[in-house]
Amino acid sequence: DEGVGLYLYGVPSAENPKGTGTGKTTTGVALVVQYLRERVKLEAKRERAIDGLPAYFVKMSKFQNVYNSMFRGSHGKTEEAADVFSALKTKMVKTDLLLIDDIGLRGMTEALQNELYEIIDDREMNGKSTIFTSNMPLEPMGEILSEQVVSRIDGMTHQIPLGGKDHRKKAL
């Protein structure tokens, strides 16, 4: 509730050179679930009403795909995609706690970076908490995202490295 967020990122190691599968998304989702539990308790005690969307999870790849779909296909399809993107962006801005999963997974156009910047900037200015997950530390993220986006993320989050083995890989 104080606008402080988290940047959970994977730490590469000899046993896990890409820092994948270290529990970043699982940790982020667990935090969102706990936040929702606490909000429900406050609602039940009538101390804080749940009006609107208290928390929202979005994969960065979905956000990017929805954005890209506004520029592909027939006029009707692009208009429909624009409506979907607008609704998604509104949810991302208005929710009390936002989890953006796998930021920096792939490059972005300058226009999409501007959309992301608007969301992050609005959330920071309004003291809304955001949790980001990524497979890389924030410092080299400037090669994928604009320095303005990276600076905003840095200023509004505590960075937490998660290392260890890739829990998605099955033991042989």
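Preceding this section is the structure that the text describes.
Here is a short report on the structure shown in this document. Remember, predicted model here, so these are calculated numbers, not experimental data.

What follows deals with the overall build of the protein. If you tally the helices and strands in the protein, you get five helices and five strands. Order of helices (α) and strands (β) in the protein, N terminus to C terminus: β-α-β-α-α-β-α-β-α-β. Principal axes of the C-alpha set define a box for the protein whose edges measure 50 × 45 × 35 Å. Considering the protein as a whole, with its 172 residues, one finds that 41% of them fall into the buried category.

Checked against the element boundaries, Asp-121 lands in helix α4 (residues 110-125). We classify Asp-121 as buried; its relative accessible area is 19%. Separated by 32 residues in the primary sequence, Asp-121 and Ile-153 have C-alpha atoms spaced 9.0 Å apart.

So, on to the pairing of strand β4 (residues 129-134). Counted residue by residue, β4 has six buried out of six residues, so it is predominantly covered. Judged by which residues are buried, β4 turns out to be covered on both faces: Ser-129, Ile-131 and Thr-133 on one side and Thr-130, Phe-132 and Ser-134 on the other are all buried. Direction of pairing for strand β1 (residues 5-10) relative to β4: parallel, over a ladder of four bridges. For Leu-6, the partnering residue across the bridge sits in β4 and is Ile-131.

This next bit is on the side chain of Thr-22. By the secondary structure assignment, Thr-22 is in the loop between β1 and α1 (24-44). Under the relative-accessibility criterion, Thr-22 is labelled buried at 9%. A polar contact is formed between the side chain of Thr-22 and the side chain of Lys-24, at a distance of 3.4 Å. A polar contact is formed between the side chain of Thr-22 and the backbone oxygen of Leu-162, at a distance of 3.3 Å.

The next point concerns the pattern of salt bridges. The tally for this structure, following the rule as stated, stands at eight salt bridges. In this structure, Arg-152 and Glu-124 form a salt bridge, with 3.1 Å as the shortest nitrogen-oxygen distance. Linking Arg-152 in helix α5 (residues 147-156) with Glu-124 in helix α4, this pair joins segments that are 28 residues apart in sequence. Residue Glu-124 is classed as partly exposed on the basis of its relative accessible area of 29%. Each of Arg-39, Arg-48 and Asp-96 takes part in a single network of salt bridges with overlapping partners.

Applying the stated rule across the entire model yields four aromatic pairs. Ring centres 5.2 Å apart and planes at 65 degrees place the aromatic pair Tyr-67 and Phe-71 in the edge-to-face group. The class of Tyr-67 is buried, set by a relative accessible area of 7%. Ring centres of Tyr-67 and Phe-85 lie 5.4 Å apart, and the angle between their planes is 65 degrees; on these two criteria the pair is classed as edge-to-face. Residue Tyr-67 is found in helix α2 (residues 60-69), and its partner Phe-85 is found in helix α3 (residues 75-94); the two are separated by 18 residues along the sequence. As far as the burial class goes, Tyr-67 and Phe-85 line up, both buried.

Rules of the game
- Residues numbered from 1 in each chain as written.
- Predicted model: local features only at pLDDT ≥ 70, side-chain atom pairs only at ≥ 80, totals over all residues.
- Heavy atoms only, no water.
- Helix = DSSP H or I, 4+ residues; strand = E, 2+ residues; numbered from the N terminus.
- Buried < 20%, exposed > 50% of the residue type's maximum accessible area, 1.4 Å probe, protein only.
- Pairing = 2+ DSSP bridges.
- Polar contact = N/O pair within 3.5 Å; in protein donor to acceptor, adjacent residues only side chain to side chain.
- Salt bridge = Lys/Arg side-chain N within 4 Å of Asp/Glu carboxyl O.
- Phe/Tyr/Trp six-rings, centres within 6.5 Å; stacked < 30°, edge-to-face > 60°.

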